[in-house]
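Remarks on the overall topology
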Amino acid sequence: MIFYFTGTGNSRWVAEALGTAFDEPLVSIADALNEGKDENVYPLREREKVFFVFPVHSWGPAVLVSRFISRLILSGYKGQEVYFVCTCGDDCGYTDRIMRSTLARRGITLTGGFSIQMPNNYILMPGFDVDSKEVETEKLKKAPERVDEIVEAIRQKKNPSLYCAGSAPLLKSYMVYPLFTHFAIGSNRFYATDTCISCGICAKVCPTGTISLSGDGKPEWADTCVQCVACIHRCPVRAIEYGTISLKKGRYHHPEFK
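It should be emphasised that the depicted structure is a prediction, and the values quoted were computed from it without experimental measurement. Along each chain, the written sequence defines residue order, and numbers are assigned to residues from 1. pLDDT decides what is reported in this predicted model: residues at 70 or higher carry local features, side-chain atom pairs at 80 or more are listed and counted, and totals for whole chains, interfaces and linings draw on all residues regardless. Derived side-chain values reflect all non-hydrogen atoms in the structure, with water molecules and hydrogen atoms excluded from consideration.

Segmentation of the protein into domains returns domain 1 (1-179) and domain 2 (185-240). Domain extents, as shown, originate in an automatic or database domain assignment. The C-alpha centroid of domain 2 is placed 25 Å from the C-alpha centroid of domain 1. On the side of domain 2, 11 residues touch domain 1, which itself brings 14 residues to the contact. The term buried area refers to how much accessible surface (probe radius 1.4 Å) is lost by two components on association, counted for both of them together. Carbon and sulfur atoms make up 69% of the area that domain 1 and domain 2 hide from each other, which totals about 1100 Å². Here, residues are in contact when the closest pair of their heavy atoms is within 4.5 Å.

Okay, the pattern of salt bridges next. A pairing counts as a salt bridge when a side-chain nitrogen of Lys or Arg comes within 4 Å of a carboxyl oxygen of Asp or Glu. In total, this model carries 10 salt bridges according to the counting rule given. One salt bridge in this structure joins Glu81 and Lys157, with 2.6 Å as the shortest N-O distance. You can see Glu81 sitting in the loop between β5 (72-75) and β6 (82-88) and its partner Lys157 sitting in the loop between α5 (133-155) and α6 (169-184), a full 76 residues away along the chain. One salt bridge in this structure joins Lys142 and Glu138, with 3.8 Å as the shortest N-O distance. On the criterion of helical spacing, the pair formed by Lys142 and Glu138 is a turn pair, its members being 4 residues apart in helix α5. Residues joined by salt bridges that share partners form a network here, namely Glu24, Arg45 and Glu48. Helix and strand definitions here come from DSSP, where helices need a minimum of 4 consecutive H or I residues and strands a minimum of 2 consecutive E residues; each element is numbered from the N-terminal end.

Before going further, it helps to spend a moment on the environment of Val63. Positionally, Val63 belongs in helix α3 (residues 63-69). Spatially, the C-alpha atoms of Val63 and Met125 are 18 Å apart, while their sequence positions differ by 62 residues.

Take a look at the structure:
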């Protein structure tokens, strides 16, 4: 079973590749949370593998992933293999340690974790932007090879170095990440410019139902944003901005994510 969360499509692409390799069904974490249940219960077969696939947000798991795990019950879990595969623009800090402890609180033992470098998409802070087209193309070119390496490592039950913590992981994951989840989540400065065509795509792709359409068809943002950046990157006419920070910055979504 593959639980995945995606904003711009990077993690969805990885989840689909793993689903094909291991013949496991995909479960959208966002869709599961939007059902509003106190507990999300999923039965496991005796030899079934469990995967969590998600983007790294500020050197930690995307907030909805931790929220989902806090409500997760794996019925029939008896020590089956449990993995995570995270996508990141550069490095992941101690996302692996955070995932291990988050799962442990639910009585689930993490077997292993991996990371895949994908095109950068976080543009909501000064100094952060999408990759150049050359870098984006190179990352997308290398991604299938990385997936193959991860699949082989799992099948062979080996533990090669397929996770990139990067420099200063303690600082990034245990100081910056908590600040991100405390201050950046909920409040936001998104708005639609006059070029908005009222297509409603932003509301459709928002995983938390944060976006609604006003009477004139223009998007409005509630205080439940988790900064997945799906709306700002998926707008077909680039009508969404985030204060002045996103002005003149690039946009990205996975080319296979329609």
